[in-house]
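# Examination of the molecular architecture
The primary structure of each chain is shown beneath.
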Amino acid sequence: MPNIDNNAIYKLSYGLFVLTAKQGDKDNGCIINTAMQVTATPLQIVIAVNKDNYTHGMIADTGEFNLSVISTAASFELFKHFGFQSGRNTDKFADFAAFERAENGVAYVTQGTNAVLGAKVVSSVDCGTHTLFMAEVTFAKELSKDSSMTYEYYFANVKPKPAANGGSKKKFVCKICGYVHEAEELPADFTCPLCKHPASDFEEVPAEKKKKKFVCKICGYVHEAEELPADFTCPLCKHPASDFEEV
Ligand SMILES: Cc1cc2nc3c(=O)[nH]c(=O)nc-3n(C[C@H](O)[C@H](O)[C@H](O)COP(=O)(O)O)c2cc1C
């Protein structure tokens, strides 16, 4: 077994992008964090896309895509819209107004983004779960002066933190990389944003039983437990359970 410290893997830094494609009348797009420039002459970029993504098939078939660079002005809504549902069973552009069509006919996102690049696939590498598409950039346009959003910024400032009381959300842990996703339910088409494994590689973390607080009316000592045993004695003033009340 290779000696892998996931904390080392998390140190790799990424940007975030809306990857869009068009096949026939169908527009679609998904969020990716795996895009980078490879060469300047010719100007080539590479993207890694999960084969389960509907966008993957569209790019494999058409050989064309746009990459909208997400900026720090983007809200979590953008990630939910393009990253937490699949174009396989929804039309992501039906209720989405913040886009324009580029010269290649493919849509790109105009809000919460700072640039768009259009590209044509020149080669691809089968990486098992993902395909690496190498593509030549056909146009590039700056959309705003906002800073690009990094993956780290997304986790620190955009992705909602779990509610303090846990709310009605459950925790699902990725058995492959340990990433914990909090949601009421895990969508069947969910993909781990870290290791890209599917929903079937997640398991629900059993909910912790909620602890109550019991305060000793005599000395003020607070005891935290699911229940206060009848024979409990205050460790400070030695008074019995009957002298405690629930906070
Ligand atoms: C923050 C974030 C980063 C993601 N990074 C990638 C990625 O690099 N590659 C990928 O294939 N999917 C990635 N995804 C998952 C896809 O965006 C997601 O599965 C999407 O619903 C696929 O949509 P589609 O089926 O319409 O193509 C990411 C999702 C999020 C929220």
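None of the values given here were measured: they were computed from a predicted structure.

### So, the site of the ligand
- Surveying the vicinity of the ligand reveals 23 residues, the closest of which are N50, T55, G83, S86 and G87.
- Within the residue set of the shell around the ligand, elements represented by two or more residues are β2 (26–32), β4 (44–50), α2 (54–62) and α3 (76–83).
- Looking at the shell around the ligand, the element that brings in the most residues is β2, giving 4 residues.
- Its residues assigned to classes, the shell around the ligand comprises 10 nonpolar, 11 polar and 2 charged.
- Residues lining the shell around the ligand come from more than one domain, with at least three contributed by each of domain 1 (6–152) and domain 2 (162–205).

### A closer look at α2
- Turning to α2, its buried residues number three or more, namely Y54, T55, M58 and I59. The arc that holds the buried residues of α2, viewed along the axis, is 130°, so those residues lie on one side.
- For α2, the elements touching its buried residues are β1 (17–23), β2, β4, β5 (64–70), β8 (113–126) and β9 (130–142).
- At the exit of α2 stands G63, carrying a positive phi of roughly 70°.

### Quick look at the environment of S147
- Here S147 shows up in the loop between β9 and α4 (151–158).
- Between the C-alpha atom of S147 and that of A73, which follows or precedes it by 74 residues, the distance is 8.2 Å.

### Some thoughts on the sheet that holds β8
- If you walk across this open sheet you meet the 7 strands as β2-β1-β5-β8-β9-β4-β3, and the pairing is antiparallel. Taken across any chain shown, the strands that pair with only one partner, and hence form the sheet edges, are β2 and β3 (35–39). If you compare each strand with its neighbour and ignore which way they point, the axes differ by 35° on average.
- Where β3 and β4 come together, 4 bridges link them in antiparallel fashion. The partner of T39 across the bridge, within β4, is Q44.
- Packing against the sheet, α2 makes contact with β1, β2, β4, β5, β8 and β9, and its axis sits at approximately 55° to β1.

### Overview of the pairing of strand β11 (residues 180–183)
- Of the pairings in the sheet, the one linking strand β10 (residues 170–174) to β11 comprises 4 bridges and is antiparallel in character. When the sheet's bridge partners are listed, K170 is paired in β11 with A183.
- Linkage of β10 to β11, two consecutive antiparallel strands, is achieved through a turn of 5 residues, within which G178 is found at a positive phi near 90°.

### Observations regarding the nonpolar core
- Within the largest apolar cluster, 34 residues are counted, with the highest numbers of intra-cluster contacts made by F17, L19, I32, L67 and I70.
- Residues contacting I70, with those up to four places away along its chain left out, are L16, F17, V18, L78, G112, T113 and M149.

Procedures and definitions
- Residues numbered from 1 in each chain as written.
- Predicted model: local features only at pLDDT ≥ 70, side-chain atom pairs only at ≥ 80, totals over all residues.
- Near = placed C-beta within 6 Å.
- Helix = DSSP H or I, 4+ residues; strand = E, 2+ residues; numbered from the N terminus.
- Nonpolar A, V, L, I, M, F, W, Y, C, P; charged D, E, K, R; others polar.
- Domains from an automatic or database assignment.
- Buried ≥ 20, exposed ≤ 12 C-beta atoms within 10 Å, placed from the backbone.
- Arc of directions from axis to C-beta.
- Contact = placed C-beta atoms within 7 Å.
- Pairing = 2+ DSSP bridges.
- Axes fitted to C-alpha atoms, helices over the stretch in contact; angles between N-to-C directions.
- Core = buried A, V, L, I, M, F, W, Y, C linked by C-beta atoms within 7 Å.

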